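# Structural overview
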Amino acid sequence: MDDHDKQQIGEQLEPGGRPKAPGRLELLQRFINSYNHDFPREWDRIGSKDKAKAWLLEKGLVAPHDQVSAAKAARLRELREAIRTLAIANHGGDPGARALDVIREASRVAGLRVTIDDRGRTALEAKRGGVDGAVATLLGILYETQLTGDWARMKACRECGYAFFDRSKNRSAAWCAMSICGNRTKNRAYYQRRRTSTR
Ligand SMILES: [Zn+2]
């Protein structure tokens, strides 16, 4: 896979060629996959205020006149990593206090309200526009998909952190792609064993 293909992962291509997450969870998956730690920092789709604005605009999360400051973009990246930590915890385990604090703070600032339509159906919606509204929408998706059970299948790869939707029956998928990250993990384990056995 060349750099051009790698830069498409998380948007045009899915990690491991898997189908994307269902419904609105796809947007949250895109958010997590706006960066992969194996790649250069310049590839971060929300790596600067301008990039963050373009990404949020493309996803319909902000309006063209909304301002995205460098500080807000940094907060978004922090939130992304905290949500990635939650997706890692979906393998079993605890997300840890730091990630939870980031999400608590984000939700405190963001503001969500319950709306009701003509047929009486309720939904969570952002109270405000701008980046705060975008954060509220993303947190609303996290909430909804935890209720439906879909979130539990949103896993972050144990090796590279890409978010993928685990459709396996026993929910046991550990890597974005066995052919890439699964083998990397196995090779490392192999070399570590060899090193210890030759000592
Ligand atoms: Zn991976």
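Predicted model only: the values in this text are computed from it and were never measured. (Residues numbered from 1 in each chain as written. Predicted model: local features only at pLDDT ≥ 70, side-chain atom pairs only at ≥ 80, totals over all residues. Heavy atoms only, no water.)

Right, let's get into the coordination of the zinc ion. The protein atoms that coordinate the zinc ion are C157 (SG), C160 (SG), C176 (SG) and C181 (SG), at distances of 2.3 to 2.4 Å. Seen from the zinc ion, its 4 donor atoms lie at angles of 105 to 116 degrees, and the figure they make is tetrahedral. The motif formed by the donor residues of the zinc ion, counted along the single chain, is C-x2-C-x15-C-x4-C. The burial state of C176 is the same as that of C181; both residues are buried. (Donors = N, O, S within 2.8 Å, 3.2 Å for Na, K, Ca; no water. Tetrahedral: all angles 85-135°; square planar, octahedral: opposite > 155°, others 65-115°. Buried < 20%, exposed > 50% of the residue type's maximum accessible area, 1.4 Å probe, protein only.)

Applying the stated criterion across every chain yields a total of 3 aromatic pairs. Centroid distance F31 to W55: 5.9 Å. Interplanar angle 45 degrees. Geometry classified as tilted. Within this pair, whereas F31 is found in helix α2 (residues 25–32), its partner W55 is found in helix α3 (residues 49–58), the two being separated by 24 residues in sequence. Relative to W43, the ring of F39 has its centre 4.9 Å away and its plane inclined at 50 degrees; by these criteria the two rings are tilted. Taken together through their ring pairs, the aromatic side chains of F39, W43 and Y162 make up a single cluster. (Phe/Tyr/Trp six-rings, centres within 6.5 Å; stacked < 30°, edge-to-face > 60°. Helix = DSSP H or I, 4+ residues; strand = E, 2+ residues; numbered from the N terminus.)

Right, let's talk about the nonpolar core for a bit. Formed by 39 residues in total, the largest nonpolar core has its most connected members in L28, F31, L56 and W151. If you list the elements that add at least two residues to this core, you get α2, α3, α4 (70–89), α5 (97–110), α6 (130–148), β3 (154–156) and β4 (163–165). At 8 residues, the largest contribution of residues to this core is made by α6. Contacts of L28, omitting those with residues within four sequence positions, involve I83, L138, I141, L142 and W151. I9, W43, C176 and A177 belong to the second largest nonpolar core, which has 11 residues in total. (Core = buried A, V, L, I, M, F, W, Y, C linked by side-chain atoms within 4.5 Å. Contact = heavy atoms within 4.5 Å.)

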